[in-house]
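Observations on chain architecture
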Amino acid sequence: MSTVYNWQLGREMEYPYDATYPNEQFAFVFNINRCIACQTCTMACKSTWTFSKGQEYMWWNNVETKPYGGYPHHWDVKLLDLLEKANPEGQIWNDQPLEKRAPYGRFGGKTVFDAAQQNLAPEGAQAALGYLPTDEEWSGPNKFEDNPLSEIKGKRGQFFPGGEQLPNHKTWFFYLQRLCNHCTYPACLAACPRKAIYKRREDGIVLIDQERCRGYRKCVEACPYKKPMYRGATRTSEKCIGCYPRIEGREPDTGGVPTQTRCMAGCIGQIRLQGLIELNPDGVWKENRANPLYYLVHVAKVALPLYPQFGTSPNGYYIPPRWVPRPYLRQMFGPGVDAAIERYTVPDRELLAVLQLFGKDERICARYEIQKGPKVFETTVRGKPFELYNDTIIGYSRKGQEIVRVTVEEPVHIRPDQHANSI
Amino acid sequence: MQLLYEEELVEGAVFLCANGRRSCIPPLQASRFSRSRERLYDIPDPDARNNAFFALHLKWFREWGLADLLAGVIREYPILDGALKTLSFRRAKARNEEGAELFVHPEEGRNGVVALRIERFERDADLLPFLLHELMHLSDMTDPAFGYSRDVPVRNPSQQQLVLGRYRLLWDITIDARLSSRTPKPTEPASRASSELKNRYETEFNRAYCFWDEARRREVFEALWNDAAPRHERLMSLAVDPRGAAAMNRPEPGGLCPLCGFSTFDWADGAAICSETAEAIRRQFPSWAVTQGACNRCVEVYEASQLEQPATLFL
């Protein structure tokens, strides 16, 4: 075991390999508040990469309804349960943020790597605490779709009086969009007995070498997010490849610049923003305030990692849903949830502008600029003043070409009289 | 009878053994298996590679005693050997896909199929009772003394589902009762397990036959539980019409509507059925009389049919 620094946990931790970091890291931010679970992302991925024989149960990208849904079923509940058994009542955060190296405070509990050392699986010690889902758990990828959780039993044809009031709805569910997090410390990579899994130096995408894989399924067992999947037809495991040809700029339509993955580009709700992040030698993000992802994660701090306590340092970040009870969200996204929701609910001028970049162009936005516009509206939101400026945000590709120009106020188009009823 | 093992089941079961999820598999053997398996990935031809994988998996399926385990359970039912041409074991992906089926081909004879989840191979305590239960289904189906017939004496598809649900419960009760009584010298844990099983079935039975009084339920359940040689005909008669609704000549709660055949608690008031509606009903059910009653849903349909007018009126 080596000791590596995990900034999401604010501390060092054990990992089977020495720390090495890519030149840039594939990362993404999802705005949960805007997802309508149309599954366009799911099908964009499916129709591109997993439509062949033996991939019927393979959904590299999926959108599940929380709290009940999950693919494989109850993946997170099962892992949280394993961790709780490994460290009863010890999975806690000391929430004193220390800025960039520990923005969410310090996690005092056990990661999947820590807990694995005391957990002997039937065939011996695991590299990362995990379990192998059954066939049944891999069935029904959208089970429990739209199933809400409620404190009170509802009545047919009646709304809850006051149940919909923020900060927490009394009846709630939300959609969680999931794909491989291309973790900084991947558990799948740590567990592979064949060393068939590697992290690309150029962009940090985690891949399974199909020539080396011999179908031991240790990656499936170890990944806490359960994103590697076994394909019976080839007897190898497969996983999200981060649409790496697009990241390399090989998409013919986009002029040789890094392009967002199919699931990001296909999102009709414009909830997704993907990018590449430069890293310091210790794996902490290099300061780059003009990068929209850096801004959302480290400056505005509205985007949080999914289950950071697992310890793999996932590179997928989520703007948490405003209406969901906070204890649930704190467990899922860590202690930064309350501040993130406050900032998102009453966004400042810059955040509001950066949020406009989501889903506007399939090319990856490496840098943004804001041109200030006039104040067009002001009000108070839950007791706090809110001002709306019609700023213009401009996004640039890695080559410096302008790829996005959008105003905060959505333009209004008035249809001429002669076409009033036409589309 | 020929025993057939589906490739996916064998592969799954062997994988489970090699990963230490079934006890008593020596780690050295698991390593040997893994090394042999790894070499097969180098076979270039996909069909040849698949065949080689199946051969290897089947070899270890036998080596690790899984084939013998299944054969041992089958030997408990000697009737199957002569009655079936083949008995196949295949992998079920989910609990609701598990079970035994009998396929009868007029020329090729009878073939049995048992579907099971591979997780059952982790523990004999999960595997053996399941196999004993499912194979007894097959044994009953092939035993002339049981007199199995696939015909359900009800035509309405919804009712068929109800009847089959009840029949399945009754049959399961008799199967597990017979299996419980097989143990020659019951041990303390075995007796406790048998008693728990009986209680569970009794609860289920009481739920399915809640319209009977308690004394009758107890009497019928005990008769089923102690029946050493149940017969299909008797089970089906209990399942088809437990309320005796078919014999009722007047509307009773839970009785069958003579028009749609569904059980109903919502009978129409006979006095409120107008002569035009009764006439419309009699056009399709000539022997129907108002005293036989009809459910409100049917009456509503025939009332509505009075309002229908030929399309030609609108031309």
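Residues numbered from 1 in each chain as written. Chains lettered and ligands numbered in written order. Predicted model: local features only at pLDDT ≥ 70, side-chain atom pairs only at ≥ 80, totals over all residues.

1. Some points on the nonpolar core
Of all hydrophobic cores here, the largest spans 101 residues; its most connected members are A128 and C188 of chain A. When near neighbours in sequence (up to four residues on either side) are disregarded, A128 of chain A contacts V112, F113, A116, A187, A190, A191 and A222 of chain A. (Core = buried A, V, L, I, M, F, W, Y, C linked by C-beta atoms within 7 Å. Buried ≥ 20, exposed ≤ 12 C-beta atoms within 10 Å, placed from the backbone. Contact = placed C-beta atoms within 7 Å.)

2. Details of helix 7 (residues 157-182) of chain B
Residues and elements named next belong to chain B. Over its 26 residues, helix 7 extends 37 Å from the first C-alpha to the last, a length consistent with the 38 Å expected when each residue adds 1.5 Å. Among all positions in helix 7, only L170, W171, I173, T174, D176 and A177 are buried. Residues of helix 7 that are buried in the fold lie against helix 6 (124-142), helix 8 (188-208), helix 9 (214-225) and helix 10 (232-240). (Helix = DSSP H or I, 4+ residues; strand = E, 2+ residues; numbered from the N terminus. Expected span 1.5 Å × (residues − 1).)

3. Regarding the interface of chain B and chain A
Facing the 12 residues of chain B at the interface are nine residues of chain A. When the residues that make up the side of chain B that touches chain A are grouped by side-chain class, the tally is three nonpolar, two polar and seven charged. (Nonpolar A, V, L, I, M, F, W, Y, C, P; charged D, E, K, R; others polar.)

4. Here's the deal with unusual backbone geometry
All names here are of chain A. A cis amide bond links K66 with the next residue in sequence, P67, at an omega value of 15°. Looking at where P67 falls in the secondary structure, it is placed in the loop between strand 4 (62-66) and helix 2 (75-86). With an omega dihedral of 0°, the bond running from Y71 to P72 counts as a cis peptide bond. Here P72 shows up in the loop between strand 4 and helix 2. The backbone phi angle of E89 is positive, close to 55°, even though this residue is not glycine. Structurally, E89 is set in the loop between helix 2 and strand 5 (93-94). Look at E89 and you get exposed, because 7 C-beta atoms sit within 10 Å. Its identity as a non-glycine residue notwithstanding, S313 has a phi of 55°, on the positive side. The topology assignment puts S313 in the loop between strand 17 (304-305) and strand 18 (316-319). Of the residues examined, S313 has 23 C-beta atoms within 10 Å and is grouped as buried.

5. Thoughts on the sheet that holds strand 19 (residues 367-371) of chain A
All names here are of chain A. Spatially, three strands are ordered 19-22-23 in an open sheet, and the strand pairing comes out antiparallel. The open sheet terminates on both sides in strands that have one partner only, identified here as strand 19 and strand 23 (402-407). Shown here is a sheet whose adjacent strand axes are inclined to one another by a mean of 20°, direction ignored. Pairing geometry for strand 19 and strand 22 (residues 392-396), over five bridges, is antiparallel. Along strand 22, the bridge assignment pairs E369 with I394. (Pairing = 2+ DSSP bridges. Axes fitted to C-alpha atoms, helices over the stretch in contact; angles between N-to-C directions.)

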